[in-house]
2 protein chains.
Amino acid sequence: MKSKKIDWDKAKQLCEGLTEEQDALTRELVSRIADKWSLWTMAVLAEAGAALRFSRVMEHVEGISQKSLTKTLRGLERDGLVTRKVFAEVPPRVEYEITDFGMELLDQVAPLWAWVAQSVNMFQHARTKFDRG
Amino acid sequence: MKSKKIDWDKAKQLCEGLTEEQDALTRELVSRIADKWSLWTMAVLAEAGAALRFSRVMEHVEGISQKSLTKTLRGLERDGLVTRKVFAEVPPRVEYEITDFGMELLDQVAPLWAWVAQSVNMFQHARTKFDRG
DNA sequence: CAGTATCCAGATCGATACTG
DNA sequence: CAGTATCGATCTGGATACTG
């Protein structure tokens, strides 16, 4: 248990300064990070580096349904992580783009994701051992 | 879009080197982090700094049901994040303790959590604006 | 094209009751 | 004490069909 406690204590301290509503929102936002599609969708928009139409996004996020993509994008828009721009044309055109804030979130998530990916062998080993015993 | 891309690219690169099974496991582990009870349970054990009985854990993780706590602890044990020790006594005693690996995970999550907690006002503002417009 | 509306199957979780 | 078993409410997400 000789792990550096600094970061964790800082997080704990920050959480204690939050109202109940803010605490609930924090949990909700962390949940979004683990959401099946949200991170992937943001990554697609980040890699594009430009605004993408609904159908382009759907092509890149393999396996997502129209319904889920709509819901995902609305959620991201609501939190200011992507922008949604509707063009008054026929046929309709809607473009999505990641915000600076969204990019910032990706940057925050990256180290954790990288650690998990690096640790995946250890988890695999732990599970094999557990499932045998 | 002048965000540093280093971390994200590193994460992306790592993910591409994973097998399909490992990729699925990575997603599963990230999901655990956002799980309603897992992080909280680990935090309780981390703060205790010692082994805790099932009922003690349940007292500290407010609002959790017996069923959910059992499931949560089993999952954490399976991934090597906590240990479970059964004592052959009457009445039965079972003690749970966080592992070094579990502490490491908490440390990895802490910066992200802190960032979200710090950004919570920005999210709140974004939502209010969105919900009005 | 970019959705919305509807239906439906599976997972999840709390409450409750029971057991070694 | 530390679970397991079961039931029911809720939520999620895909498939499909329809629309401005």
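Our subject is the structure that appears above.
Residues numbered from 1 in each chain as written. Chains lettered and ligands numbered in written order. Predicted model: local features only at pLDDT ≥ 70, side-chain atom pairs only at ≥ 80, totals over all residues. Heavy atoms only, no water.

(A) Highlighting the relation of the copies chain A and chain B. Overlay of chain A on chain B (RMSD 0.1 Å): rotation 180°, translation along the axis 0.0 Å. Seen this way, the second copy is the image of the first under a two-fold rotation axis. No C-alpha of chain A approaches the rotation axis more nearly than that of A:Ala34, which lies at 3.0 Å. (Least-squares fit on C-alpha atoms with pLDDT ≥ 70 in both.)

(B) Representation of the pairing of strand β3 (residues 93–98) of chain B within the structure. Residues and elements named next belong to chain B. Within β3, five of the six residues are buried, which leaves the element mostly enclosed by the surrounding structure. Pairing geometry for strand β1 (residues 52–53) and β3, over two bridges, is antiparallel. What sits directly across from leucine 52, in β3, is tyrosine 96. Relative to β3, strand β2 (residues 82–87) is paired through six bridges, and the arrangement is antiparallel. By the bridge assignment, threonine 83 is partnered in β3 with glutamate 97. Between the end of β2 and the start of β3, which pair antiparallel, lie five residues. (Buried < 20%, exposed > 50% of the residue type's maximum accessible area, 1.4 Å probe, protein only. Helix = DSSP H or I, 4+ residues; strand = E, 2+ residues; numbered from the N terminus. Pairing = 2+ DSSP bridges.)

(C) Structural view of the protein's contact with DNA strand C. In the vicinity of DNA strand C lie 18 residues, with A:Ser55, A:Arg84, A:Tyr96, B:Lys67 and B:Ser68 positioned nearest. Within the contact set of DNA strand C, a base nitrogen lies 2.7 Å away from a side-chain nitrogen or oxygen of A:Gln66. One of the side-chain N or O atoms of A:Tyr96 is found 2.6 Å from a phosphate oxygen in DNA strand C. Taken together, the residues of the surface near DNA strand C sort by class into seven nonpolar, five polar and six charged. (Near = heavy atom within 4 Å. Polar contact = N/O pair within 3.5 Å; in protein donor to acceptor, adjacent residues only side chain to side chain. Nonpolar A, V, L, I, M, F, W, Y, C, P; charged D, E, K, R; others polar.)

(D) Spatial organisation of the protein's contact with DNA strand D. Close to DNA strand D lie 20 residues, the nearest being A:Lys67, A:Ser68, B:Gln66, B:Arg84 and B:Tyr96. In the environment of DNA strand D, a phosphate oxygen lies 2.2 Å from a nitrogen or oxygen atom belonging to the side chain of A:Ser68. For the surface near DNA strand D, the secondary-structure elements that each account for two or more residues are α5 (66–78) of chain A together with α4 (54–60), α5 (66–78) and β3 of chain B. For the surface near DNA strand D, the element with the highest residue contribution is α5(B), accounting for four residues. The residue makeup of the surface near DNA strand D, split by class, is seven nonpolar, five polar and eight charged.

(E) Looking closely at the interface of chain A and chain B. Across the boundary between the two partners, chain A contributes 63 residues, which contact 62 residues of chain B. Both sides together, the interface formed by chain A and chain B hides about 6,600 Å², and carbon and sulfur atoms give 68% of it. Contact with chain B buries area across many residues of chain A, yet A:Trp8, A:Trp113 and A:Arg127 alone supply 12% of it, more than any other trio. Linking chain A to chain B there are eight salt bridges. In this structure, A:Glu47 and B:Lys12 form a salt bridge, with 3.4 Å as the shortest nitrogen-oxygen distance. Where chain A meets chain B, there are 14 residue pairs in polar contact (both at pLDDT 80 or more). Residue assignment for the side of chain A that touches chain B shows that the elements contributing at least two residues are α1 (6–16), α2 (20–34), α3 (38–48), α5, β3 (93–98) and α6 (100–132) of chain A. (Contact = heavy atoms within 4.5 Å. Buried area = accessible area lost by both parts, 1.4 Å probe. Salt bridge = Lys/Arg side-chain N within 4 Å of Asp/Glu carboxyl O.)

(F) The arrangement of the sheet that holds strand β1 (residues 52–53) of chain A in detail. All names here are of chain A. Strand order in this open sheet of three strands is β1-β3-β2, and the pairing throughout is antiparallel. Of all strands in the sheet, those with a lone pairing partner are β1 and β2 (82–87), marking the two edges. Contacts from α3 reach β1, β2 and β3 within the one sheet, and its direction differs from that of β3 by about 90°. Lying over the sheet, α5 contacts β2 and β3, oriented at roughly 115° with respect to β2. (Axes fitted to C-alpha atoms, helices over the stretch in contact; angles between N-to-C directions.)

(G) Structural context of the packing of aromatic side chains. Tallying each qualifying case throughout the model produces ten aromatic pairs over all chains. Pairing A:Trp115 with A:Phe123 gives two aromatic rings, centres 6.4 Å apart and planes at 90°, and the pair type is edge-to-face. In this structure, A:Trp115 and A:Phe123 share a single accessibility class: buried. Seen in terms of ring centroids, A:Trp115 and B:Phe101 are 5.7 Å apart; in terms of plane orientation they differ by 40°. Their pairing is tilted. Of the two residues, A:Trp115 is situated in helix α6 and B:Phe101 in helix α6 (residues 100–132); the pairing between them involves two chains. An aromatic cluster is defined as three or more aromatic residues linked by ring pairs; in this entry it consists of A:Phe101, B:Trp115 and B:Phe123. Directly above the aromatic system of B:Trp40 lies the positively charged group of A:Arg27, at a separation of 5.4 Å from the ring centroid. The side chain of B:Arg93 reaches across the aromatic face of B:Phe87, ending 3.9 Å from its centre. (Phe/Tyr/Trp six-rings, centres within 6.5 Å; stacked < 30°, edge-to-face > 60°. Lys NZ or Arg CZ within 6 Å of the ring centre and 35° of its normal.)

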